[in-house]
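Fold and contact review
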Amino acid sequence: MANDQIVAQDKVIIIHYTLRNSAGEELDSSSGGDPMPYLHGADNIVPGLERQLEGKAVGEKLTIEVSPEEGYGPVEGEGPMPVSRENFQPGIELEVGMNFMAEGPGGQPFPLWISQIDGDVVYVDTNHPLAGETLHFDVEIVGVRDALPVELAHGHPHGLTGTEDHHHH
């Protein structure tokens with residue numbers, strides 16, 4: 001098979017995937033929709049999945065297990081912390097699983113996820129909702145292409161072909 005069809009650094013990889021937890025519950029899937037492109041080697045997907053896709057070819061179908069350490073990490077910290085709803089921007093509909101950036105004491109940004117909403121109390125957690133979970137992926141590699149220079153500069157693909165409209169960030 002030609003090397004241009006192999007998963008490698010700085011290639012845009014196009015996959016169909018289904019993600020399940022250890023109980024077999026489907027958590028996410030591209031099935032029935034467009035496949036997902038990612039830039040290989042740019043930390044666009046969890047490290048364990050990216051590592052296990054390296055060197056694979058278009059057309060391969062794989063079942064991949066990713067440990068918490070190579071996925072979203074182990075559960076760390078004190079767990080969910082209650083915050084008053086008034087600390088969030090008015091008019092934004094808050095949902096469990098929503099992610100946003102907060103500012104730490106030194107001005108450093110860090111991610112938070114909403115883990116629970118109880119009336120005017122919103123529980124936020126520094127752990128990703130899938131922290132501590134072993135992830136189970138069914139993956140089909142449906143395409144590999146060279147990344148465009150702009151995609152390499154931005155660190156992510158601009159759609160399946162690289163020609164999709166993209167707003168500069």
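With that settled, consider the layout of surface pockets. Looking at the largest pocket, its volume works out to about 210 Å³. What lines the largest pocket is a set of 13 residues, and nearest its centre among them are Tyr17, Leu19, Asp28, Tyr72 and Phe137. When residues in the lining of the largest pocket are grouped by element, the largest group, three residues, is from strand β1 (residues 11-20). When the residues that make up the lining of the largest pocket are grouped by side-chain class, the tally is 10 nonpolar, two polar and one charged.

This part takes up the nonpolar core. Leu49, Leu53, Phe137 and Ile141 are the most contacted members of the largest nonpolar core, which totals 19 residues. Breaking this core down by element, the ones donating at least two residues are β1, α1 (47-53), β4 (61-66) and β9 (135-146). Counting residues per element, this core draws most heavily on β9, which supplies five residues. What Phe137 contacts, discounting residues up to four positions off in sequence, is Thr18, Leu19, Val46, Leu49, Leu62, Thr63, Ile64 and Val66. Grouped together as the second largest cluster of nonpolar side chains are seven residues, Phe88, Leu94, Val122 and Val124 included.

Under the definition given, this model contains one aromatic pair. For the ring pair Phe88 and Phe100, a centre distance of 5.4 Å and an interplane angle of 80 degrees mean the geometry is edge-to-face. One end of the pair, Phe88, is in the loop between β5 (81-84) and β6 (99-103); the other, Phe100, is in strand β6, and 12 residues separate them in sequence. Judged by its relative accessible area of 14%, Phe88 is buried. Take Phe100: its relative accessible area is 22%, and that puts it in the partly exposed class.

Phi at Asp10 is positive, roughly 65 degrees, even though this residue is not glycine. Along the polypeptide, Asp10 turns up in the segment before β1. Residues other than glycine seldom take positive phi values, yet Asp43 does so here, at roughly 60 degrees. In this fold, Asp43 is placed in the loop between β3 (36-39) and α1.

This paragraph deals with the environment of Asp43. Looking at Asp43, the relative accessible area reads 66%, which means it is exposed. Separated by 26 residues in sequence, Asp43 and Glu69 have C-alpha atoms that sit 15 Å apart.

This part covers the side chain of Lys11. With respect to the element layout, Lys11 can be found in strand β1. For Lys11, a relative accessible area of 14% gives the class buried. There is a polar contact of 2.6 Å between the side chain of Lys11 and the side chain of Asp146. The contacts of Lys11, once residues within four sequence positions are left out, are Asp4, Ile6, Tyr38, Leu39, His40, Val144, Arg145, Asp146 and Ala147.

Cut-offs and rules
- Residues numbered from 1 in each chain as written.
- Predicted model: local features only at pLDDT ≥ 70, side-chain atom pairs only at ≥ 80, totals over all residues.
- Heavy atoms only, no water.
- 1 Å grid on protein atoms, 1.4 Å probe; cavity = no way out; pocket = protein on both sides within 12 Å on 5 of 7 lines; lining within 4 Å.
- Points joined across faces, edges and corners; volume = space filled by probe spheres on them.
- Helix = DSSP H or I, 4+ residues; strand = E, 2+ residues; numbered from the N terminus.
- Nonpolar A, V, L, I, M, F, W, Y, C, P; charged D, E, K, R; others polar.
- Core = buried A, V, L, I, M, F, W, Y, C linked by side-chain atoms within 4.5 Å.
- Buried < 20%, exposed > 50% of the residue type's maximum accessible area, 1.4 Å probe, protein only.
- Contact = heavy atoms within 4.5 Å.
- Phe/Tyr/Trp six-rings, centres within 6.5 Å; stacked < 30°, edge-to-face > 60°.
- Polar contact = N/O pair within 3.5 Å; in protein donor to acceptor, adjacent residues only side chain to side chain.

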